[in-house]
Amino acid sequence: YVLSKYVHAQKLNRRVTFQRLVGGADSWGQPNTQWVDAFKLWAHVKSITGAGFVGQEFVAGEIEVSRATASVRVRKRPGITPDMRCLIGGVVHEIRVVIPDEQDQRFIDIGVASGANDG
């Protein structure tokens, strides 16, 4: 059974955890935000170039930081937004862009980046 001309079912082979930032207060009444799991989806993860993760280096606060970018394809689901983050193999990735698949309307492509922060 083929899900799409572009992604076969067997290629959705990585479990990705999506998280959202939740605000609250600690016992002293101080603001306390934390990332909590929102849902898990099967995904196809690939680098932007298709040849492995693309390392990017830049300076952040006078420290050289390495950054990797990737594309995550999941079945279409409402509620995935750029203010979330995802965990792929235990590595935190910030969501940079969410792009619906205009060609077959069953998938969402998500541009993610890791390495510079905790998402």
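Attention in this report is confined to the structure presented alongside it. (Residues numbered from 1 in each chain as written. Predicted model: local features only at pLDDT ≥ 70, side-chain atom pairs only at ≥ 80, totals over all residues. Heavy atoms only, no water.)

## Here's the deal with the packing of aromatic side chains
Two descriptors summarise a pair of aromatic rings, namely the distance from one centre to the other and the angle between the planes of the rings. Under the criterion given, the structure shown has one aromatic pair. The ring of Phe39 is capped by Arg77, whose NZ or CZ atom sits 3.7 Å from the centre of that ring. (Phe/Tyr/Trp six-rings, centres within 6.5 Å; stacked < 30°, edge-to-face > 60°. Lys NZ or Arg CZ within 6 Å of the ring centre and 35° of its normal.)

## Things to note about the pattern of salt bridges
What the rule picks out here adds up to two salt bridges. Note that Asp109 is salt-bridged to Arg73, the shortest N-O span being 2.7 Å. In this pair, Asp109 sits in strand S7 (residues 107–114) while Arg73 sits in strand S4 (residues 63–75), placing the two residues 36 residues apart along the sequence. Classification of Arg73 as buried rests on a relative accessible area of 11%. (Salt bridge = Lys/Arg side-chain N within 4 Å of Asp/Glu carboxyl O. Helix = DSSP H or I, 4+ residues; strand = E, 2+ residues; numbered from the N terminus. Buried < 20%, exposed > 50% of the residue type's maximum accessible area, 1.4 Å probe, protein only.)

## As for the nonpolar core
Membership of the largest hydrophobic core comes to 17 residues, with the highest contact counts inside it found for Val16, Phe18, Val72, Val74, Ile80, Ile110 and Val112. The set of elements that each furnish at least two residues to this core consists of strand S1 (14–22), strand S2 (34–47), S4, strand S5 (85–88) and S7. The element best represented in this core is S2, accounting for four residues. Not counting the four nearest positions on each side in its chain, Ile80 is found in contact with Phe18, Phe39, Leu41, Val74, Ile95, Val98, Ile108 and Ile110. (Core = buried A, V, L, I, M, F, W, Y, C linked by side-chain atoms within 4.5 Å. Contact = heavy atoms within 4.5 Å.)

## Structural notes on the pairing of strand S6 (residues 91–100)
By the bridge criterion, four bridges tie S5 to S6 in an arrangement that is antiparallel. Residue Leu87 lies in a different strand from S6, and its bridge partner there is Val92. Between S5 and the antiparallel strand that follows it, S6, lie two residues; Gly89 among them carries a positive phi value of about 60°. Two elements, S6 and S7, share six bridges in a ladder whose sense is antiparallel. If you follow Ile95 over to S7, its bridge partner there is Val112. (Pairing = 2+ DSSP bridges.)

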